[in-house]
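Fold and contact review
Each chain, letter by letter, is given below.
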Amino acid sequence: MSYSLIYADPPWEYSNRASNGAAENHYGTMKLIDIKRLPVWEVAAENSVLAMWFTGTHTREAIELAEAWGFKVRTMKGFTWVKFNPLAEQHINKALASGNVEDFYDFLDLLNGQTKMNGGNYTRANTEDLLIATRGNGLERMSASVKQVIYSPLGEHSAKPAEARLRLEQLYGDVPRIELFSRCGAPGWDHWGNQAESPDIELVSGWAVPISKKEDRAA
């Protein structure tokens, strides 16, 4: 049970009651100390990569967590997800069909109008970042054409775009990989999370073990 690529979307707890309450309406948040105690270091290969989502309010916490799991942060901007409204495709296609978009700047205005307007004490948040951290020698980059910015509509609350997994596969190849705090399966990925369907490992404070599945026993 050893993974070269670990993809994580931690359930950050927020000090702002409104933000934390909004998050807990959809999933259980965790205190940073409890997330740190999850023994990710036990399932990470000697040379491995951590790709982890974090919000702008949790930059320091994200670095602390990566280090607690045994990784060194290499960039805070592995990916930046520009969040579009769920109906952005429909609205943009309608505007283009109407002929009201006459030039490049009209199109930029159209795109900006379709980005999600979340809360924020300063500017209104409409992006989220993914850091990349390494353990040991990390992994060899298999493609030099993987871009940083992901444009994608919002899905279910907190769900991240599938494009991120695809780009990580392009970046690092077909290596043993797992998604932590997962909700659903994806081809080629193992999973763990309290909302995950058929998790592949049991990961709790202090220990980690693989889960024996029917197909494994049949083999």
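Residues numbered from 1 in each chain as written. Predicted model: local features only at pLDDT ≥ 70, side-chain atom pairs only at ≥ 80, totals over all residues. Heavy atoms only, no water.

The name an unreviewed UniProt entry gives the protein chain is MT-A70 family methyltransferase, with Silvania confinis as the organism.

1. Some words on the packing of aromatic side chains
The description of an aromatic ring pair rests on the distance of the ring centres and on the angle between the ring planes. Put simply, the rule is: When the centres of two rings from Phe, Tyr and Trp lie within 6.5 Å, Trp using its six-membered ring, the rings pair. Their planes under 30 degrees apart give stacked, over 60 give edge-to-face, and anything left gives tilted. Runs of H or I in DSSP of at least four residues are treated as helices and runs of E of at least two as strands, each being numbered from the N terminus. Relative accessible area decides the class of each residue, using a 1.4 Å probe on protein chains only: under 20% of the type maximum gives buried, over 50% gives exposed, and in between gives partly exposed. Consider the ring centre and the ring normal. A charge sits over the ring if Lys NZ or Arg CZ is within 6 Å of that centre and within 35 degrees of that normal.
The tally for this structure, following the rule as stated, stands at 5 aromatic pairs. Between W53 and W81, the aromatic rings sit 6.2 Å apart at their centres with planes inclined by 70 degrees, giving edge-to-face as the arrangement. Of this pair, W53 sits in strand β2 (residues 44-54) while W81 sits in strand β3 (residues 72-84), placing them 28 residues apart in sequence. What makes W53 buried here is its relative accessible area of 0%. Ring centres 5.3 Å apart and planes at 75 degrees place the aromatic pair F104 and Y105 in the edge-to-face group. Take Y105: its relative accessible area is 57%, and that puts it in the exposed class. Positioned over the ring face of W189 is R177, at 5.4 Å from the centre of the ring.

2. Quick look at the sheet that holds strand β7 (residues 190-192)
Definition in use: For two strands to be treated as a pair, DSSP must find no fewer than two bridges joining them. Helix axes are fitted only over the stretch in contact, all axes being lines through C-alpha atoms; the angle between N-to-C directions runs from 0 to 180 degrees.
The 7 strands are arranged β5-β3-β4-β2-β1-β6-β7 in an open sheet whose pairing can be described as mixed. Strands with a single pairing partner mark the edges of an open sheet, and in this sheet they are β5 (149-153) and β7. Taken pair by pair, the neighbouring strands of this sheet meet at an average axis angle of 20 degrees, ignoring direction. Of the strand pairs in this sheet, strand β6 (residues 177-180) and β7 are connected by 3 bridges, and their pairing is parallel. Of the residues in β7, the one forming a bridge with L180 is W192.

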